Amino acid sequence: MEYIKRFMEDVFLRLNEQYPAILITGPRQVGKTTMLQKLTELEGRNRHYVSLDDLNVRALAKSDPAMFFQIHQPPVFIDEVQYAPELFTYIKISVDQNHRPGDFWMTGSQLFKLMHGVQESLAGRVALLHLSPLSQHEIYRGQPGAFSLDFATLQKRQAAIPAATTPQIFERIFAGGMPALVSKKYDDRDFFYSSYLSTYLERDVRELSGSIDSLKFLTFVTAVAARTSQMVNYKGIADDCDIDQVTAKSWLRILETLGIVFYLHPYSNNVLKRTIKTPKLYFYDTGLVCYLTKWSSAETTMNGAMNGALLENYVVSEIQKSYQNVGKEAYLYYYRDKDAKEIDLLMEGDGQLYPIEIKKTATPKKKMITNFSVIEKSSLKRGTGAIICTAEKLGAFDRDNLIVPVSLV
């Protein structure tokens, strides 16, 4: 099984020379442990590895953290650290006494619960990174770097990787980015996702919510997947699953906590008062969405009723991952006002707003960028806009509006 180099490795090693503690969060099975074990080999520091998935180790960490650190002295790599937040206070004491960069490497699969413990004990002492499923540029040996609409940067990206046709893009959407599938460790995709979901249901979801009806939760996750790239509709989801809206909100929070879904919030400022308030929901892994919504192949996905939503989810998640992989926060929004004018994606940076439409077409028309004019009323300057689509080559309508192939995201 081939190891696929992660773009985050370089950022991690740089932070490791500055911070005593580094914490990588992200869903299970995205390669957090594999990446750090690879870096442990390169580091050559004789670093202890300990996993809190082991119940005996976890019991010691929770009941006697001081003894735990006598046995597992720094430099140490603690896997699934969210199971023993009791360790954070002791890590803080060690960090304050020794100030040694790279003493504590940690991973965790529960974002919110983890952050709570980290903020209380390790504020300012820990570097936080988020690892998601593989990005297309990691899989296809593209270039690292946060996505931008700088024309020269996009040209460089285009020179580094082969063009992709519409069927090839939908192959990528259908395949998803889970390392165990991409590396061919497992070849039965349906069995992998089925096991993946039951692992969550039996383990992490129960950990976060106590008792839960497994079948209802699976119905719920499927209902959420069917609404990917849409504005969140708690009532619609609740009705589909025969649960109440309070439960639907609580279960969505769990999916977010486990790094399965994320949100784009609507962009608004004092000038644009007519914008709506509801966020849009996306999955980090489009392969999981295709599995849940029962598409049987890349071809049926490409021709099916969800093709536009899946393409949008893919593009937004790829942009999100491109920022996470270099340790940066992406300022991504969408725009929709009460007149139903909508822009799929707004990127904010350097005092500018960059409007983006995502379309399943190889030959976009200029009228598709009509709505970009609404943000000219914003307090921020309008930057370069783009249609991200299934064209195979980088192009432009004019100097301010580009045509960007999905493969360059």
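A quick note: this is a predicted structure, and the numbers were derived from the prediction, not measured. (Residues numbered from 1 in each chain as written. Predicted model: local features only at pLDDT ≥ 70, side-chain atom pairs only at ≥ 80, totals over all residues. Heavy atoms only, no water.)

1. A closer look at the environment of glutamate 17
- Looking at the secondary structure, you find glutamate 17 in the loop between helix H1 (8-16) and strand E1 (21-25).
- As for glutamate 17 and proline 266, which are separated by 249 residues in sequence, their C-alpha atoms are 38 Å apart. (Helix = DSSP H or I, 4+ residues; strand = E, 2+ residues; numbered from the N terminus.)

2. Quick word on the packing of aromatic side chains
- For the structure shown, the criterion picks out 15 aromatic pairs.
- Arranged with centres 5.7 Å apart and planes meeting at 25 degrees, the rings of tyrosine 193 and tyrosine 291 form a pair that is stacked. In this pair, tyrosine 193 sits in helix H11 (residues 189-209) while tyrosine 291 sits in helix H15 (residues 286-292), placing the two residues 98 residues apart along the sequence.
- Assessed through its relative accessible area of 0%, tyrosine 193 is described here as buried.
- Owing to a relative accessible area of 23%, tyrosine 291 belongs among the partly exposed residues under this scheme. (Phe/Tyr/Trp six-rings, centres within 6.5 Å; stacked < 30°, edge-to-face > 60°. Buried < 20%, exposed > 50% of the residue type's maximum accessible area, 1.4 Å probe, protein only.)

3. Concerning the packing of helix H12 (residues 214-225) against helix H14 (residues 245-257)
- In contact at an axis separation of 11 Å, H12 and H14 are set at 75 degrees when each is read in the N-to-C sense. Relative to H14, H12 is oriented roughly perpendicular. Listed contacts from H14 to Lys216, Phe217, Phe220, Val221 and Val224 of H12 are Ala248, Trp251, Leu252 and Leu255.
- Classifying every residue of the contact of H12 with H14 by side-chain character gives eight nonpolar, no polar and one charged. (Axes fitted to C-alpha atoms, helices over the stretch in contact; angles between N-to-C directions. Parallel < 35°, antiparallel > 145°, perpendicular 65-115°, else oblique. Contact = heavy atoms within 4.5 Å. Nonpolar A, V, L, I, M, F, W, Y, C, P; charged D, E, K, R; others polar.)

4. So, the pattern of salt bridges
- Under the definition given, this model contains 23 salt bridges.
- Measuring nitrogen to oxygen at the nearest pair gives 2.7 Å for the salt bridge that ties aspartate 204 to arginine 28. Placement of the pair is aspartate 204 in helix H11 and arginine 28 in the loop between E1 and helix H2 (32-43), with a sequence separation of 176 residues. Both residues of the pair, aspartate 204 and arginine 28, belong to the buried class.
- Of the charged contacts, one joins arginine 125 and aspartate 96 as a salt bridge, the two residues approaching to 2.7 Å between their closest N and O atoms. Here aspartate 96 lies in helix H5 (residues 87-98) and arginine 125 lies in the loop between helix H6 (111-121) and strand E5 (126-130), a separation of 29 residues in the sequence.
- By relative accessible area, which is 23% here, arginine 125 ends up partly exposed.
- By relative accessible area, aspartate 96 is classed as partly exposed at 33%.
- Linked by salt bridges that have partners in common, Arg28, Asp53, Glu80, Arg203 and Asp204 make up one network. (Salt bridge = Lys/Arg side-chain N within 4 Å of Asp/Glu carboxyl O.)

5. Remarks on helix H3 (residues 55-63)
- All of the buried residues along H3 are Val57, Arg58 and Ala61. One side of H3 holds all its buried residues, which, seen down the axis, span an arc of 100 degrees. Turned more than 90 degrees from where H3 packs its buried face, Leu55, Asn56 and Ser63 sit exposed.
- Residues of H3 that are buried make contact with strand E2 (48-51), helix H4 (65-71), H5 and H11.
- The backbone nitrogen of asparagine 56 lies 2.9 Å from a side-chain oxygen of the residue at the head of H3, namely aspartate 54. (Arc of directions from axis to C-beta. Polar contact = N/O pair within 3.5 Å; in protein donor to acceptor, adjacent residues only side chain to side chain.)

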